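Observations on chain architecture
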Amino acid sequence: MSGTRPAAAHASTVYERRELAAIAARWDARADSWEEALQDPDCHLQEGEAYLKFERLLKRCVAGRREFCAGNGVIDAGCGTGLVLAGVIERFAWGMGVDISPGMIAVARRKQLPKATWVVGDCFQLKRLERPAGVVVSRGVLLSHYGEEGGLEFLRAAHEVLVPTGFLVTDFLNAEARTTARHAPGDKHWFTKLEIQSLARAAGFSQVVIRGRVADRVHQVIAEA
Ligand SMILES: C[S@@+](CC[C@H](N)C(=O)[O-])C[C@H]1O[C@@H](n2cnc3c(N)ncnc32)[C@H](O)[C@@H]1O
């Protein structure tokens, strides 16, 4: 896999070194302006309507397993201000948002979402934080922040906290779009579909479907436990 890794990504980042305090401080600084920043059509996270596509896909997955979701919980890993959880929680028995940034969690808590709890915590430790959930969601390309090793560990943590028939919906930076994307950070890991499929299988997932076109900066993953 490392053969496809861009040269700039060899430098170890705070994510690859898992410096959680530094990571939290970075996101704390963005917490109060996060939702406003997402409204900017030039925001890198909106390129190719990636955030919107994630929300639509998640809603379709949840609608397709309506009864299952209604009887189970949902965990939003790296929930930020809770936008993703807010969009689906009514379809679940309970919801928990986990984020390393106290600032992000403070904004999420102020929303007072029914059935939701919010935890300042590490998404690599999901099983310690919560009981088994039907669904884990994580939007914002955490896999690409943490790289191959961290990505595998994150997928394992998600798999570990899922009930046996549960599923994960997440996203990653698509290697095929690395040279054409308008926003192409050199310090993030760009994965191919095959790499993500193989990482997810190594983490214990049985079926892995990747959504997205070749030119899309971000691809979405649906992985069945
Ligand atoms: C790109 S933002 C996405 C936020 C949110 N999911 C959304 O869609 O608006 C990534 C989030 O992941 C959080 N994060 C990064 N590393 C984390 C970790 N190890 N555990 C929990 N949260 C983490 C950051 O604090 C930040 O809020």
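Every chain is numbered on its own, with residues counted from 1 as its sequence reads. Thresholds applied to this predicted model are a pLDDT of at least 70 for local features of residues and 80 or more for the giving and counting of side-chain atom pairs; totals over whole chains, interfaces and linings are not thresholded and use all residues. Excluded from the side-chain calculation are hydrogens and water; included are all heavy atoms of the structure.

1. Details of the overall build of the protein
Rules: Put simply, DSSP marks the helices as runs of H or I at least four residues long and the strands as runs of E at least two long, and each gets a number from the N terminus on. Within these notes, the globule rule equals 2.2 Å times the number of residues to the 0.38 power, and the radius of gyration is based on C-alpha atoms. To sort residues, take the accessible area from a 1.4 Å probe on protein chains only and compare it with the maximum for the residue type: under 20% means buried, over 50% means exposed, and anything in between is partly exposed. For this analysis, residues touch if any pair of their heavy atoms sits within 4.5 Å. Counting rule applied: Lys, Arg positive; Asp, Glu negative; His and chain ends not counted. Positions of charges follow a simple convention, taking NZ of Lys, CZ of Arg, CG of Asp or CD of Glu.
Within the protein, the secondary structure is distributed over nine helices and eight strands. Computed over the C-alpha atoms, the radius of gyration of the protein is 16 Å, within 12% of the 17 Å expected from 2.2 N^0.38 for a compact globule of 225 residues. Principal-axis analysis of the C-alpha atoms gives the protein an extent of 45 × 40 × 30 Å. Looking at the 225 residues of the protein, the share that counts as buried comes to 53%. Summarising the internal contacts of the protein: among those between residues at least 6 apart in sequence, 65% fall at separations of at least 24. Both charge centroids of the protein, one from 29 positive and one from 27 negative side chains, sit 4 Å from each other.

2. A look at the confidence of the model for the protein
Caution is warranted with low-pLDDT regions, since their predicted coordinates should not be read in detail. We count it as follows: Confidence of the predictor at the level of single residues is given by pLDDT, which spans 0 to 100.
In this model, the protein carries a mean pLDDT of 94, and residues with pLDDT of at least 70 account for 95%. Here residues 1-10 is modelled with pLDDT under 50, and outside its nearest four sequence neighbours on either side it reaches 17 contacts, counting other chains as well.

3. Quick word on the packing of helix α8 (residues 142-161) against helix α9 (residues 193-202)
The condition that has to hold: Axis lines are fitted through C-alpha atoms, for helices just across the contact stretch, and the angle between N-to-C directions can take any value from 0 to 180 degrees. Any angle from 65 to 115 degrees is called roughly perpendicular, while one under 35 is roughly parallel, one over 145 is roughly antiparallel, and all others are oblique. Put simply, Ala, Val, Leu, Ile, Met, Phe, Trp, Tyr, Cys and Pro go in the nonpolar bin, Asp, Glu, Lys and Arg in the charged bin, and everything else, Gly too, in the polar bin.
Axis separation between α8 and α9 bottoms out at 7 Å; the angle between their running directions is 30°. The pairing of α8 with α9 is recorded here as roughly parallel in orientation. Residues L143, E148, L152, L155 and R156 of α8 touch α9, and the partners they reach there are I196, L199, A200 and A202. Residue composition of the contact of α8 with α9, grouped by class: seven nonpolar, no polar and two charged.

4. Examining helix α3 (residues 50-64)
Because each turn of an α-helix spans 3.6 residues, side chains separated by three or four positions end up pointing in the same direction. As a reminder, the rule being used: By definition here, a helix of n residues has an expected span of 1.5 Å times n minus one. What the arc covers is the set of directions going from the helix axis to the C-beta atoms.
The terminal C-alpha atoms of α3 lie 21 Å apart, and with 15 residues this matches the ideal 21 Å at 1.5 Å per residue to within 8%. Looking at α3, one finds that the buried residues are A50, Y51, F54, L57, L58, C61 and V62. Each buried residue of α3 sits inside an arc of 135° when the element is viewed along its axis, so together they form one side. Exposed and facing more than 90 degrees away from the buried side of α3 are R60 and G64.

5. Comments concerning the layout of surface pockets
Put simply, the rule reads: For each structure, a 1 Å grid was placed over the protein atoms alone; sets of points admitting a 1.4 Å probe that cannot get out are labelled cavities, open sets with protein on both sides within 12 Å along at least five of seven lines are labelled pockets, and lining residues have an atom within 4 Å of a point. Grid points are joined across faces, edges and corners, and a volume is the space filled by probe spheres set on the points.
Considered as a void within the structure, the largest pocket measures approximately 580 Å³ in volume. Broken down by secondary-structure element, the contributors of at least two residues to the lining of the largest pocket are α1 (20-31), α5 (83-88), β2 (94-99) and α8. No other element matches the five residues that α1 contributes to the lining of the largest pocket. Classifying every residue of the lining of the largest pocket gives 19 nonpolar, seven polar and eight charged.

6. Side note on helix α6 (residues 102-110)
Where α6 is concerned, the buried positions are G103, M104, I105, V107 and A108. Once α6 ends, the next one or two residues include Q112, with phi positive near 50°.

7. Some thoughts on the site of the ligand
Rules: Whether a residue is near a molecule or strand depends on its heavy atoms: if one lies within 4 Å, it is near. As used in this structure description, the phrase polar contact means that two N or O atoms lie within 3.5 Å; if the pair is within protein, one of them must be able to donate a hydrogen and the other to accept it, and residues adjacent in sequence are counted only when both atoms belong to side chains. Here the criterion for a molecule occupying a pocket or cavity is that more than half of its atoms lie within 2 Å of the pocket grid points.
Lining the immediate environment of the ligand, one finds 21 residues, of which G78, D99, C123, R139 and Y146 sit closest. At 2.6 Å, a side-chain N or O of D99 approaches an oxygen atom of the ligand. Most atoms of the ligand, that is more than half of them, are within 2 Å of grid points of the largest pocket. When residues of the shell around the ligand are assigned to their parent elements, the largest contribution, three residues, is made by α1.

8. Looking at the pairing of strand β8 (residues 218-224)
Counted only if it meets this: At least two DSSP bridges between two strands are required for those strands to pair.
Burial within β8 is extensive, with six of its seven residues counted as buried. Pairing between strand β5 (residues 162-174) and β8: seven bridges, direction antiparallel. Along β8, the bridge assignment pairs D171 with Q220. When strand β7 (residues 207-211) meets β8, the two strands line up antiparallel, connected through five bridges. Across the sheet, residue Q207 finds its bridge partner in β8, namely E224. Hairpin connection, β7 to β8: the antiparallel pair is bridged by six residues, and G212 has positive phi, about 140°.

9. Points about the environment of G71
Within the secondary structure layout, G71 lies in the loop between α4 (66-70) and β1 (73-77). For the pair G71 and I196, spaced 125 residues apart in the sequence, the C-alpha separation amounts to 29 Å.

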